[in-house]
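Descriptive analysis of the structure
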Amino acid sequence: MKRTGRLREWWLGALGVLLAFGVCEAVSRAGIVRRSYFPPASEVLVRAVELAGDSVFLDGVGATLRAWALGLGLACAIAVPLGLLFGSVPVVDAAVRAIVEFLRPLPSVALIPLVSLLLGSGTETKVALVTYASVWPILFNTVYGLGETDPLAKDTLRAFGFGRLSVLLRVELPGTAPFIAAGIRISAAVALILAVATEILAGFGEGLGIYIAQAGLAADGTRDVLAGVVWAGTLGLVINGALVWAERKLFPWTPAHRGTGVTG
């Protein structure tokens, strides 16, 4: 039953992709939109495949993924300990709540000029912005997960003489792990968006966003721009799929994955 449900999801997803592809192809071929503005989907797909053999382009993709991985890793290293601290010590949470609520709504894209001025337009800027944007989903998911931890399990450990640190490591952290994983999955998408957007606005250097920005300046670069966008979307899809698979393998007991668990 589980396998049938997952296959059905895959087929429905593939059908949606094919329908979108067909609509884009038909709109362009019929001349409803000028081909210079909106080339056929088949030409864009062919160009995206051709880019897979371009070593310079792949080096740029690698630069984007390095900034993405570094920023996301730093966000995890910052957000998880802070989330555990805020969630387990109410006094600290109350003291910093106003600061957190002030910083959280600030759009990361709006900080690109300031961070670029301070750090330049290299990898440091991308990593800093990715880290800032990725911290919040992980932080709030960690705090929320601590609030959902089974109080009976914590009281049982305390009754046997275990201290606050032991309760945190033995009960609270394992119980919060699925929430942290969900926060990381959300932040992974945000991190990729910020990495590419920072490169696009920077306009020079190396990266997938740089390729898109430079292609947009060419007289007939629409096809290359869309091919780069296809690559960005594909990377996001692969990353999200890998993280969802990891969540199902690591936390099959959670309600979100109980009906779609992975066996073996």
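To keep things clear, this report deals only with the structure shown in the data block.

Conventions adopted
- Residues numbered from 1 in each chain as written.
- Predicted model: local features only at pLDDT ≥ 70, side-chain atom pairs only at ≥ 80, totals over all residues.
- Heavy atoms only, no water.
- Helix = DSSP H or I, 4+ residues; strand = E, 2+ residues; numbered from the N terminus.
- Buried < 20%, exposed > 50% of the residue type's maximum accessible area, 1.4 Å probe, protein only.
- Expected span 1.5 Å × (residues − 1).
- Polar contact = N/O pair within 3.5 Å; in protein donor to acceptor, adjacent residues only side chain to side chain.
- Axes fitted to C-alpha atoms, helices over the stretch in contact; angles between N-to-C directions.
- Parallel < 35°, antiparallel > 145°, perpendicular 65-115°, else oblique.
- Contact = heavy atoms within 4.5 Å.
- Nonpolar A, V, L, I, M, F, W, Y, C, P; charged D, E, K, R; others polar.
- Left-handed = near helix turned anticlockwise from the far one by under 90°.
- Salt bridge = Lys/Arg side-chain N within 4 Å of Asp/Glu carboxyl O.
- Core = buried A, V, L, I, M, F, W, Y, C linked by side-chain atoms within 4.5 Å.

1. Describing the overall build of the chain
- A tally of regular secondary structure across the chain gives 11 helices and zero strands.
- Put simply, the chain runs from its N terminus to its C terminus through helices and strands in the order α-α-α-α-α-α-α-α-α-α-α.
- Its C-alpha atoms give the chain principal-axis dimensions of about 75 × 55 × 30 Å.
- Counting the 264 residues in the chain, one finds 36% classified as buried.

2. A closer look at helix α3 (residues 55–88)
- With 34 residues, α3 should cover 50 Å at 1.5 Å per step; its first-to-last C-alpha distance of 49 Å lies within 8% of that length.
- Its side-chain oxygen placed 3.0 Å from the backbone nitrogen of Val-56, Asp-54 serves as the N-cap of α3.

3. So, the packing of α3 against helix α4 (residues 90–103)
- As a packed pair, α3 and α4 sit with axes 6 Å apart at the nearest point and diverge in direction by 120 degrees. Relative to α4, the element α3 lies oblique. Contacts between α3 and α4 involve Leu-85, Phe-86 and Ser-88 from the former and Pro-90, Val-92, Asp-93, Val-96 and Val-100 from the latter.
- The residue makeup of the contact of α3 with α4, split by class, is six nonpolar, one polar and one charged.

4. So, the packing of helix α9 (residues 208–217) against helix α10 (residues 222–250)
- At a closest axis distance of 8 Å, the pairing of α9 and α10 adopts a crossing angle of 160 degrees. The angle between the axes of α9 and α10 places the two elements in the roughly antiparallel class. With respect to the hand of their crossing, α9 and α10 are arranged in left-handed fashion. For the pair formed by α9 and α10, the contact residues are Leu-208, Tyr-211, Ile-212, Ala-215 and Gly-216 on the first element and Asp-224, Val-225, Gly-228, Val-229, Trp-231, Ala-232 and Leu-235 on the second.
- Across the contact of α9 with α10, the residue classes tally to nine nonpolar, two polar and one charged.

5. Description of the pattern of salt bridges
- Applying the stated criterion to the full structure yields eight salt bridges.
- Ionic pairing is found between Arg-47 and Glu-50, a salt bridge with its closest N-O pair at 3.3 Å. Of the two residues, Arg-47 and Glu-50 both sit in helix α2 (residues 41–51), three residues apart, roughly one turn of that helix.
- One network of salt bridges, in which partners are shared, links Asp-93, Arg-97, Glu-101 and Arg-104.

6. Regarding the environment of Leu-146
- With respect to the helices and strands, the residue Leu-146 is situated in helix α6 (residues 123–147).
- We classify Leu-146 as buried; its relative accessible area is 5%.
- Once the C-alpha coordinates of Leu-146 and Phe-179 are considered, the two residues, 33 residues apart in sequence, prove to be 8.8 Å apart.

7. With respect to the nonpolar core
- Among the nonpolar cores identified, the biggest contains 25 residues, and Leu-51, Phe-57, Val-61, Trp-68, Leu-192, Leu-208 and Trp-231 are the most heavily contacted of them.
- Secondary-structure elements contributing two or more residues to this core are α2, α3, α5 (112–119), α6, α8 (164–202), α9 and α10.
- Broken down by element, the residue count for this core peaks at six residues, all from α8.
- Ignoring anything within four residues of it in the chain, the contact list for Leu-51 reads Phe-57, Leu-58, Tyr-211, Ala-227 and Trp-231.
- Residues Trp-136, Leu-139, Leu-146 and Ile-180 belong to the second largest nonpolar core, which totals 15 residues.

8. With respect to the side chain of Thr-64
- One can find Thr-64 in helix α3.
- Excluding residues that lie within four positions of it along the chain, Thr-64 makes contacts with Leu-192, Ala-195, Val-196, Glu-199, Gly-207, Leu-208 and Gly-209.

9. Regarding the environment of Val-46
- As for its placement among the helices and strands, Val-46 is situated in helix α2.
- Given the relative accessible area of 47%, Val-46 is considered partly exposed.
- When the C-alpha atoms of Val-46 and Ala-213 are compared, they prove to be 20 Å apart, with 167 residues separating the residues in sequence.

10. Observations concerning α9
- Of all 10 residues in α9, seven are buried, a share of seventy percent or more.
- Leu-208, Gly-209, Ile-210, Tyr-211, Ile-212, Ala-213 and Ala-215 are the residues of α9 that are buried.
- Where α9 is buried, its residues touch α2, α3, α8 and α10.

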